[in-house]
Amino acid sequence: MFTTLLLVLIATMAWAQSNAVLDQLKADPRKAYGNDYPYKLFTGKLTKAPKGYKPFYISHYARHGSRYYWTDRLYIDLDTLLKAAHQKHQLTAEGEAFYKKFMDSKQELMTGVSELTQLGWEQHQNIARDMYNRFPEVFKKGGNVYAISSLTGRCVLSMSAFCQELVQCNPKIEVREQSSRFTLDGVVPTDRQNPVKHNYPRSKPRYEKNRDQFHADNSLRKRVVPRVFLSTEGLPGDPNRIGNYLVDLYTTLPSINHEGMMGNILTDEELAKEWEDSNLGSYSWVFGPKYQMIPILQDILKKAEAVINGTSDHISDLRFGHDTCLGPLTVLMGINGADRDPENPYDVKDCYQNWQTCKASNIQLIFYKSKKGGDILLKCLLNGAEASLPVPTQQFPYYKWTDFRQYYTDLCNSVKP
């Protein structure tokens, strides 16, 4: 009887969790953009620290903010395609309107390829100010902040936006920013320019062997093409990719201040209907290189230990990189169960949602101590919201530093490059 009740309880909890994820998507269909989703500042309340405990140090990893598309190939192929269709009178009325708006913006798009936008800059400004206001005890006396970035311009500028805002909050804060091959291991260990070479194994999520059990309607990319083109006959490029081009452009438009360019060709609600399937692909993408992020986790452990034992005077260590690192790091650390690796493809959405690796997404570890001594505590925020870790605790969302350090040290040591 007890076993039956337990199974019913587990099934009910799983159903509720799945519904919670889909309810989030229903409330904000734009989350279906996945890693193209523009960051929204979390405004919920945080759990009070245990009595007598105050924050004293923050360790952080962030993705760069909103940017133009990462490669010019999308813009070039769309330019060629739309021009040819226009000349051959193969565009619908909606397609002609899109064609005109695209051509009017083409120079900007081509020039801006991969670069941070104004929105991307503002996202990191807002996150920095939010961090300062949430944890004033860390920053009110000033102190040293150390920030490192990938070598990519959009990451360097994201770092600059964040650090400038911290100093605006309190001019007593001293910031050292570095974008260097010397620090790549702590922010983008897989960069080809990293002088420290690793060869960590790749992983394959278990759901992939049951992928055929997942049934989804993935017809949107086919359905959207006739909304733009009367015919694709004789047009350059691969006809099968045209729908992908249109979707890829659409999900970037809010990040580059060009919402409305595509009119009614696509809607957020249509994308949301296919989100769960696209999320499966995202999980494979972030799951595979999870062990390659071990150097970042080791950097987090090393720098936090130095602050705690008094050999470092940093009040915060900041890192600015890419979704290709933050996503796998989320899985490696098991944040909100991202390491669960379910066999059932329908369960993947409950442990990972690709909008968590959105533009300007970030992980913050907030460290606490008490004047009365005792354990150092920490909690994890994912995109500003309190998150769970696979570390044992009796006082969630707070974890003992010693337990955190031991768990993740063992994890790092269990995988050999």
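Residues numbered from 1 in each chain as written. Predicted model: local features only at pLDDT ≥ 70, side-chain atom pairs only at ≥ 80, totals over all residues. Heavy atoms only, no water.

## Some words on the packing of helix α4 (residues 118–134) against helix α6 (residues 153–169)
Contact geometry for α4 and α6: axes closest at 8 Å, N-to-C directions at 40°. The orientation of α4 relative to α6 falls into the category oblique. Read as a crossing pair, α4 and α6 show a hand that is right-handed. Contacts from Trp121, His124, Gln125, Ile127, Ala128, Arg129, Met131 and Tyr132 of α4 reach α6 at Leu157, Ser158, Ser160, Ala161, Phe162, Gln164, Glu165, Leu166, Gln168 and Cys169. (Axes fitted to C-alpha atoms, helices over the stretch in contact; angles between N-to-C directions. Helix = DSSP H or I, 4+ residues; strand = E, 2+ residues; numbered from the N terminus. Parallel < 35°, antiparallel > 145°, perpendicular 65-115°, else oblique. Left-handed = near helix turned anticlockwise from the far one by under 90°. Contact = heavy atoms within 4.5 Å.)

## Comments concerning the side chain of Ser160
Its location among the elements puts Ser160 in helix α6. In this structure Ser160 touches Trp121 and Glu177, once residues within four positions along its chain are discounted.

## Description of the environment of Leu74
Looking at the element boundaries, Leu74 is found in helix α2 (residues 73–87). Distance in space between the C-alpha atoms of Leu74 and Leu246 is 9.2 Å, their sequence separation being 172 residues. Each residue touching Leu74, except ones within four places of it in the same chain, is listed here: Tyr69, Tyr245, Asp248 and Leu249.

## Re the packing of aromatic side chains
The description of two aromatic rings rests on the distance between their centres and on the angle between their planes. By the definition in use, this model includes 17 aromatic pairs. Ring plane angle 75° and centroid distance 5.9 Å describe the contact between Tyr33 and Tyr250, whose orientation is recorded as edge-to-face. Note that Tyr33 is positioned in the loop between α1 (2–27) and β1 (53–63) and Tyr250 in helix α9 (residues 242–252), a separation of 217 residues in sequence. The exposure class assigned to Tyr250 is buried, which follows from its relative accessible area of 12%. (Phe/Tyr/Trp six-rings, centres within 6.5 Å; stacked < 30°, edge-to-face > 60°. Buried < 20%, exposed > 50% of the residue type's maximum accessible area, 1.4 Å probe, protein only.)

## Observations regarding the pairing of strand β5 (residues 362–370)
Within β5, eight of the nine residues are buried, which leaves the element mostly enclosed by the surrounding structure. Inspection of the sheet shows β1 paired to β5 by nine bridges, in the antiparallel sense. The residue of β5 that forms the bridge with Tyr57 is Phe367. Bridge count between β5 and strand β6 (residues 377–382): six bridges; the pairing is antiparallel. Bridge assignment links Ile366 to a residue of β6, and that residue is Lys379. Here β5 hands over to β6 after six residues, with Gly373 in that stretch at a positive phi of 85°. (Pairing = 2+ DSSP bridges.)

## What to know about α6
Turn by turn, an α-helix covers 3.6 residues, leaving residues three or four places apart pointing in a common direction. Across its 17 residues, α6 extends 24 Å between first and last C-alpha, which sits within 8% of the 24 Å expected from 1.5 Å per residue. Among all positions in α6, only Arg154, Cys155, Ser158, Met159, Ser160, Ala161, Phe162, Cys163, Glu165, Leu166 and Cys169 are buried. Taken together, the buried residues of α6 touch β1, α4, α5 (136–139), β2 (143–149), β3 (173–179) and β4 (314–321). (Expected span 1.5 Å × (residues − 1).)

## A closer look at the pairing of β2
Most of β2 sits out of view: five of its seven residues are buried. For β2 and β3, the ladder comprises seven bridges, and the chain directions are parallel. Opposite Ser149, over in β3, you have Ser179 as the bridge partner. Between β2 and its parallel partner β3, the chain crosses via α6, and the hand of that crossover is right-handed. Here β2 pairs with β4 via six bridges, running parallel. Residue pairing across strands places Ala147 opposite Leu318, the latter belonging to β4. (Right-handed = clockwise from strand over helix to strand, strands pointing away.)

## A closer look at helix α11 (residues 275–287)
When the terminal C-alpha atoms of α11 are compared, their 18 Å separation across 13 residues agrees well with the 18 Å that a helix rising 1.5 Å per residue should span. The buried fraction of α11 is high, at 10 of 13 residues. Inspection of α11 places Trp275, Glu276, Asp277, Asn279, Leu280, Ser282, Tyr283, Ser284, Val286 and Phe287 among the buried residues, and these make up the whole buried set.

## A look at the environment of His86
Mapped onto the fold, His86 is located in helix α2. Residue His86 is classed as partly exposed on the basis of its relative accessible area, which comes to 29%. The spatial distance from the C-alpha of His86 to the C-alpha of Thr183 is 49 Å, given a sequence separation of 97 residues. Not counting residues within four places of it along the chain, the set of residues in contact with His86 comprises Leu91, Glu96 and Tyr99.

## Some details on the nonpolar core
Ranked by size, the top nonpolar core spans 72 residues in total, and within it Phe98, Phe229 and Leu249 carry the most contacts. Top contributing element to this core by residue count: α2, with seven residues. Core analysis: the next-biggest nonpolar cluster, separate from the first, contains 40 residues, Leu329, Cys380, Leu382 and Phe404 among them. (Core = buried A, V, L, I, M, F, W, Y, C linked by side-chain atoms within 4.5 Å.)

## Points about the state of the cysteines
Following the criterion strictly, the structure yields zero disulfides and no others. Between Cys169, a free cysteine, and Cys163, which holds the nearest cysteine sulfur, the sulfur-to-sulfur gap is 12 Å. Cys325 carries a free sulfur, and the closest cysteine sulfur to it, the one in Cys155, is 8.8 Å from it. Residue class for Cys325 comes out buried when judged on its relative accessible area of 0%. (Disulfide = S-S within 2.5 Å.)

## Quick look at unusual backbone geometry
What you tend to see is this: most non-glycine residues have negative phi, and most peptide bonds are trans. Residue Phe396 is joined to Pro397 through a cis peptide bond whose omega torsion reads 10°. Of note, Pro397 is situated in the loop between β7 (385–387) and β8 (399–400). Phi at Asp341 takes a positive value of approximately 55°, unusual for a residue other than glycine. Topologically, Asp341 is positioned in the loop between α13 (323–333) and β5. Positive phi outside glycine occurs at Asn383, with the angle close to 55°. On the secondary structure map, Asn383 appears in the loop between β6 and β7. Under the relative-accessibility criterion, Asn383 is labelled buried at 10%.

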